[in-house]
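# Architecture and fold: a report
Each chain, letter by letter, is given below.
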Amino acid sequence: MSKRILLMLMALVLVVTLATGCGGGENKQLANEGGAKVLRHNHGEEPESIDPALSTTVDGGSIVIACFEGLTSLDENDLPVAGVAESWDVNENKTLYTFHLRKDAKWSDGQPVTANDFDYAWNRALHPDTAAEYAYQLFYIKNAPEYNEGATNSKALGIKVVDEYTLEVELSAPTPYFLTLTTFPTLFPVRQDIVETNSKQWALNPETYIGNGPFKLVEWQSKDHMKFVPNEFYWDRNRVKLDAVVKTFIAEASTMLAGYEAGELDVIDSVPLNEIDNLKQNDEFQMITQLGTYYYCFNVTRPPFDNPKVRKAFALAIDREDITNKVRKSGVPATAFVAPGVPDTAAGKDFREVGGEYFPIKAQPQEAQRLLAEAGYPDGQGLPNVTFIFNSNEEHQIIAEAALEMWKQNLGIENITINNQEFAVFINTRQNGDFQIARHGWLGDYNDPMTFLDLFTTDNGNNDAQWSSKDFDELIDKARLATDEGDRMAALHEAEKIIMEEVIMIPIFHDTENTMIKPYVKGLVKSLLGFTYYDKADIVK
Amino acid sequence: MVSFIKTFYGVQFRMLSYIIKRLATSLVTIWMVVTITFLLMHTIPGGPFTREKALPLAVLKNIEARYNLNDPLWKQYTDYIQNLARGDLGPSFKYQGVTVNQIIAESFPISAQLGLASLFIMLFVGLPAGIISALRQTKWQDHLAMTLATVGVAVPNFVVATLLMYIVGVKLGWLPTARWLSWQSVIMPSIALAGYYTAYVARLTRSSMLEVLQQDYIRTARAKGLPERVVVYKHALKNALIPIITYLGPILAGILTGSFVIEKIFAIPGLGEHFVASIGNRDYTVILGVTVFYATLLVAVNLIVDILYCFIDPRIRLGK
């Protein structure tokens, strides 16, 4: 009896395993499609949504950018260029933008792209029922925050369709970087008929995922990959050289690297930290700078960090060069908060170049100790116990351990500990201000110093430092209302100077995306915001 | 004849009433699992929309309204139970527009295929290895099998997975390094997943066989002059299987619902990952959905194992 059961069981196992099979011989097809130019880019974890209004991740954003196009688009230098809008007029106070749409822009089903599509998409992204996380990217539009709160109706919004190919946008304040905002996925057009007929499902199915961008989605195997081919109706079809893009959803860095080394992938966007030293020997390894700053945030209301001198002492005890070169093995040492790459539009230079360095790259132990003594804690005596918190993660852990050593050695203190918490618990603790010093990071939402600096205004939800300064708030307001770029930049530099001199945080490094790109991949563009642009990419073997 | 039919139906009836009783208690078990999970999940700080970049308050309010997260907790609970009774596990908070039912329907078959392939290895490698060791006790076959089994138990599956991926996938290029593409994709993950269990099954089979082989009835069978094959497979193995089935039952539920580690390493779009990832994401509906699913499967497998016992061992009677 037992033997029969056993045999039956085994037979069942065998039959089910073999009969159901999986996928179906796709591997070979993906690896080599008869000489066609197929770019295989590992995307990372499957995006939460590829609906332009609901997409929140950089990876998901790259998919939206492949399949949709905004009024403007970014060039290789991160500057806005014509997209669906072929030209635009801006009034003198930069509050009224009139976009003139090109007449040959088409959706992937051949329908023309009109101003109504933008009007619908923006209304939808702002509508309370859509509950879009990135709705705030549209808050520059007149009455948009009120509409998002449900306090006013859509008629009050500063969006006006003049005619099919003319869109007028009224902003609540002068926003010189509005043209870079229109390159952001949340502001991309969507088709009312498609979205309304298919409700929440439209962005889950390649057939209804109709876009107006250079590519269209043709295949989506959930949690494994997506495949894109050129959109034949794209107005600049000739720009697109690839025959297909396959985006795979491998989340584990070591697995991506294995796939890359085995020749199954052409581009990967992250590599295991402990492999970086080896990979640096290879030309295929590239550190691509991003608009981000990794920093340690003080709670300026909690002792001992209510004393600016203690804060400065802690900041000077950190060796940024060692952390970037020896510990994280990547990144750019941060000497201030605003990341390099952000333009100072008045000077025509990098904002960082004009603003200069506020913190030295190397640690300054003597100066740090002197400040600590001045604050009343000579050699750390009498310093209250300090706990540094961060979220559980290998990278944060090793950086925290290095920082801990630097504080102990360079300040001569012992009563400092590090403590890690699970991500959501950590964020909760940090947002509640229940900490002394915590890991923090900021990735810009658009390419302007404002995306960094307005973080520390008194009411900002991300001002975890619990810091408040009337002067600072006024400078940010001044920059918001300025119609002259010279005045605006001056105010922003002044604002940065205040937070740096007050040392409400310790800038540590600016983020880089550590990528591997096969040498035959040409023209792949990665923007400062981390988005990947495939429209000019090519494979030249 | 009549008495035989009576007995037969008596057994059938007893079994049926036993099964009904078990199903009723299972429902209570599952309800308790749901309730405890629901409470625990809402006790931990942070929510599904906790972000590194804090969301503006108005935006957060809209999102909470959309997912009914602004309702009082008891209302969220009763709503969930009502939907659950209808088989509706609700929408995922993380994957926009995707329901938990869809997530399970898409990912469970993949994990189950991988699990069955691993089960296949466990039974076809583990069982024979154990039997051979027992029959050739203290001979080289025994030493070899048991040394391998010790290694199998001791080496963690992620080490096996990484080594396989590096050697077979990258260096030799015989198999795809990762993902779920064709039958070839099943090989490495199923070996990595089965390693520990196979080794354990081999050791369990060996000790169980050794114990049974020393029983009086085996001596009797041999004394009767039965061929060794019949003694081993018909008389010994049948009884030796009981502890193995006891072990495999709950393992089966676990292995069919996928392994977080193996699925992560091989980028397999299975269910296993959701058990862990959903907690980090505070994707409440997914946490509850996969927990209910797993609990149901576990309860079902245990029931099946209990029923199987009475076929294997006539001494075991259900419902008494």
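Residues numbered from 1 in each chain as written. Chains lettered and ligands numbered in written order. Predicted model: local features only at pLDDT ≥ 70, side-chain atom pairs only at ≥ 80, totals over all residues. Heavy atoms only, no water.

## A look at the overall build of chain B
Each helix and strand counted, chain B has twelve helices and zero strands in total. Projected onto its principal axes, the C-alpha coordinates of chain B cover approximately 85 × 65 × 30 Å. Taken over 320 residues, chain B has a buried fraction of 49%. The positive charge centre, built from 28 side chains, and the negative charge centre, built from 15, are 9 Å apart in chain B. (Helix = DSSP H or I, 4+ residues; strand = E, 2+ residues; numbered from the N terminus. Buried < 20%, exposed > 50% of the residue type's maximum accessible area, 1.4 Å probe, protein only. Lys, Arg positive; Asp, Glu negative; His and termini not counted. Charge placed at Lys NZ, Arg CZ, Asp CG, Glu CD.)

## Brief notes about the packing of aromatic side chains
Residue and element names in this part refer to chain A. Under the defined criterion, the tally for this structure stands at 43 aromatic pairs over all chains. Where F68 meets Y209, the ring centres are 5.4 Å apart and the plane angle is 80 degrees; that geometry is what we call edge-to-face. Of this pair, F68 sits in the loop between helix 3 (58-67) and strand 2 (72-74) while Y209 sits in the loop between helix 7 (192-198) and strand 8 (215-221), and the two are 141 residues apart along the sequence. The burial state of F68 is the same as that of Y209; both residues are buried. An aromatic cluster is present here, built from Y294, Y296, F298, F305, F314, F388, F390, W407 and F509 joined pairwise through their rings. Its guanidinium or amino end placed over the ring of Y260, K518 lies 4.1 Å from that ring's centre, counting from NZ or CZ. (Phe/Tyr/Trp six-rings, centres within 6.5 Å; stacked < 30°, edge-to-face > 60°. Lys NZ or Arg CZ within 6 Å of the ring centre and 35° of its normal.)

## Comments concerning a nonpolar patch on the surface
Residues V151, V155, F158, V159, L163, Y166, I167, L172, W174 and V261 of chain B make up a contiguous nonpolar surface patch of about 890 Å² in total accessible area. The element that contributes the greatest number of residues to the nonpolar patch is helix 6 (residues 157-171) of chain B, accounting for five residues. (Patch = residues over 30% accessible without salt bridge, like charges linked within 9 Å, V, L, I, M, F, W, Y side chains within 5 Å. Areas by Shrake-Rupley, 256 points an atom, 1.4 Å probe, with all protein chains shown as cover. Salt bridge = Lys/Arg side-chain N within 4 Å of Asp/Glu carboxyl O.)

## Considerations on the environment of V100 of chain B
All names here are of chain B. Structurally, the position occupied by V100 is in helix 4 (residues 100-135). Looking at V100, the relative accessible area reads 0%, which means it is buried. Sequence separation of V100 and F124 is 24 residues, and the distance between their C-alpha atoms is 35 Å. Beyond its immediate chain neighbours, meaning those up to four positions away, V100 contacts L89, G90, P91, S92, T285, V286 and G289. (Contact = heavy atoms within 4.5 Å.)

## Some points on helix 15 (residues 423-431) of chain A
Residues and elements named next belong to chain A. Residues of helix 15 that are buried include every one of A424, F426, I427, T429 and R430, and no others. Looking at the packing, one finds that the buried side of helix 15 touches strand 16 (386-391), strand 17 (416-421) and strand 18 (437-443). The backbone nitrogen of A424 has a side-chain oxygen 3.2 Å away, supplied by the residue at the start of helix 15, namely E422. Residue G433 follows helix 15 closely and has a positive phi angle near 70 degrees. (Polar contact = N/O pair within 3.5 Å; in protein donor to acceptor, adjacent residues only side chain to side chain.)

## Details of the side chain of D344 of chain A
All names here are of chain A. With respect to the helices and strands, D344 occurs in strand 14 (residues 343-344). It is R488 that comes nearest to the buried, bridge-free D344 among opposite-charge side chains, at 8.0 Å. Here the side chain of D344 touches H493 through a polar contact of 2.7 Å, side chain to side chain. Other than its neighbours up to four places away in sequence, D344 contacts K349, D350, F351, V354, M489 and H493.

## Points about the pattern of salt bridges
The tally for this structure, following the rule as stated, stands at 45 salt bridges over all chains. In this structure, the salt-bridge partner of E273 of chain B is K223 of chain A, at a minimum N-O distance of 3.6 Å. Pair noted here: E273 of chain B is in helix 11 (residues 272-281) and K223 of chain A is in the loop between strand 8 and strand 9 (225-230), and the two residues belong to different chains. Of the two residues, E273 of chain B and K223 of chain A, neither departs from the other in class, the shared state being buried. Two residues, D454 of chain A and R480 of chain A, come together in a salt bridge whose shortest N-O distance is 3.4 Å. Here D454 of chain A, found in the loop between helix 16 (450-453) and helix 17 (470-481), pairs with R480 of chain A, found in helix 17; they are 26 residues apart in sequence, far enough to count as distant. The exposure class assigned to D454 of chain A is buried, which follows from its relative accessible area of 15%. Judged by relative accessible area, which is 34%, R480 of chain A ranks as partly exposed. Connected via shared salt-bridge partners are D319, E321, D322, K326 and K362 of chain A.

## Some details on the nonpolar core
Grouped burial of nonpolar side chains is what soluble globular proteins tend to show. One finds W122, Y296, F314, F337, W407 and F456 of chain A to be the most contacted residues of the largest nonpolar core, which totals 183 residues. Residue contributions to this core peak at eight residues, all from helix 14 (residues 394-411) of chain A. In this view, F314 of chain A contacts F298, F305, L383, V386, W407, L411, I413, I416 and I506 of chain A; residues no more than four positions away in its chain are not counted. If you look at the next biggest cluster of nonpolar residues, it comprises 48 residues, including A258 of chain A together with V231, I262 and L297 of chain B. (Core = buried A, V, L, I, M, F, W, Y, C linked by side-chain atoms within 4.5 Å.)

## With respect to the interface of chain B and chain A
At the junction of the two partners, chain B supplies 57 residues and chain A supplies 73 residues. Across the interface of chain B and chain A, roughly 5600 Å² is buried in total on both sides, 60% from carbon and sulfur atoms. Applying the counting criterion to the chain B and chain A interface returns nine salt bridges. Taken together, chain B and chain A are joined by 17 residue pairs in polar contact (both at pLDDT 80 or more). Looking at the side of chain B that touches chain A, the elements with two or more residues in it are helix 2 (57-66), helix 4, helix 6, helix 9 (228-256), helix 10 (260-265), helix 11 and helix 12 (284-312) of chain B. For the side of chain B that touches chain A, the element with the highest residue contribution is helix 4 of chain B, accounting for ten residues. Each residue belonging to the side of chain B that touches chain A can be placed in one class, and the counts come to 34 nonpolar, twelve polar and eleven charged. (Buried area = accessible area lost by both parts, 1.4 Å probe. Nonpolar A, V, L, I, M, F, W, Y, C, P; charged D, E, K, R; others polar.)

## Focus: the packing of helix 4 of chain B against helix 12 of chain B
All names here are of chain B. Remark: helix 4 packs on helix 12, axes separated minimally by 10 Å, with the N-to-C direction vectors making an angle of 50 degrees. One way to sum up the angle between helix 4 and helix 12 is to call them oblique. As for the relative orientation of helix 4 and helix 12, their crossing is right-handed in sense. Where helix 4 abuts helix 12, its residues V100, I103, I104 and F108 lie against T285, V286, G289, V290, F293 and L297. Of the residues belonging to the contact of helix 4 with helix 12, the class tally is eight nonpolar, two polar and no charged. (Axes fitted to C-alpha atoms, helices over the stretch in contact; angles between N-to-C directions. Parallel < 35°, antiparallel > 145°, perpendicular 65-115°, else oblique. Left-handed = near helix turned anticlockwise from the far one by under 90°.)

## Re unusual backbone geometry
Of the consecutive residues P303 of chain A and P304 of chain A, the connecting peptide bond is found in the cis state with omega at 5 degrees. Here P304 of chain A lies in the loop between strand 12 (285-298) and helix 10 (308-316). Backbone geometry places N68 of chain B, a non-glycine residue, at a positive phi of 55 degrees. Along the chain, N68 of chain B turns up in the loop between helix 2 and helix 3 (73-85). Under the relative-accessibility criterion, N68 of chain B is labelled partly exposed at 43%.

## Re helix 5 (residues 140-154) of chain B
The periodicity of an α-helix, 3.6 residues per turn, causes residues three or four places apart in sequence to face the same way. Residues and elements named next belong to chain B. The end-to-end C-alpha distance of helix 5 is 21 Å, a good match for the 21 Å that 15 residues give at a rise of 1.5 Å each. Those residues of helix 5 lying buried are D142, A145, M146, A149 and G152. The buried residues of helix 5 occupy one face: seen down the axis, they fall within an arc of 115 degrees. Exposed residues on helix 5 whose side chains face more than 90 degrees from its buried face are W140, L148 and A154. For helix 5, the secondary structure elements touched by its buried residues are helix 4 and helix 7 (184-213). (Expected span 1.5 Å × (residues − 1). Arc of directions from axis to C-beta.)

## Considering the sheet that holds strand 6 (residues 159-163) of chain A
Residue and element names in this part refer to chain A. If you trace the four strands from one edge of the open sheet to the other, you get 4-5-7-6, paired in antiparallel fashion. Edge strands, defined here as strands with exactly one partner in the open sheet, are strand 4 (85-90) and strand 6. Each strand of the sheet is rotated relative to its neighbour by a mean of 20 degrees, with strand direction disregarded. As defined by bridge partners, strand 6 adjoins strand 7 (residues 166-170) across four bridges and the pair is classed as antiparallel. Each residue of the ladder has a partner; that of V161, found in strand 7, is L167. Where helix 4 (residues 115-126) meets the sheet, its contacts fall on strand 5 (96-101), strand 6 and strand 7, and the angle it forms with strand 6 comes to roughly 165 degrees. (Pairing = 2+ DSSP bridges.)

## Considerations on the confidence of the model for chain B
Residues and elements named next belong to chain B. Per-residue pLDDT for chain B has a mean of 89; in total, 95% of the residues score no lower than 70. Across chain B, element-level confidence peaks in helix 3 with a mean pLDDT of 95 and bottoms out in helix 1 (residues 2-43) with 82. ipTM for the predicted complex: 0.85, alongside a pTM of 0.89. (pLDDT = per-residue confidence, 0-100.)

## Brief notes about the pairing of strand 17 of chain A
Residues and elements named next belong to chain A. Where strand 16 meets strand 17, six bridges bridge the pair, whose relative direction is parallel. Within strand 17, the position partnered with F390 by the bridge is N420. With respect to chirality, the unit in which strand 16 leads through helix 14 into the neighbouring parallel strand 17 is right-handed. (Right-handed = clockwise from strand over helix to strand, strands pointing away.)

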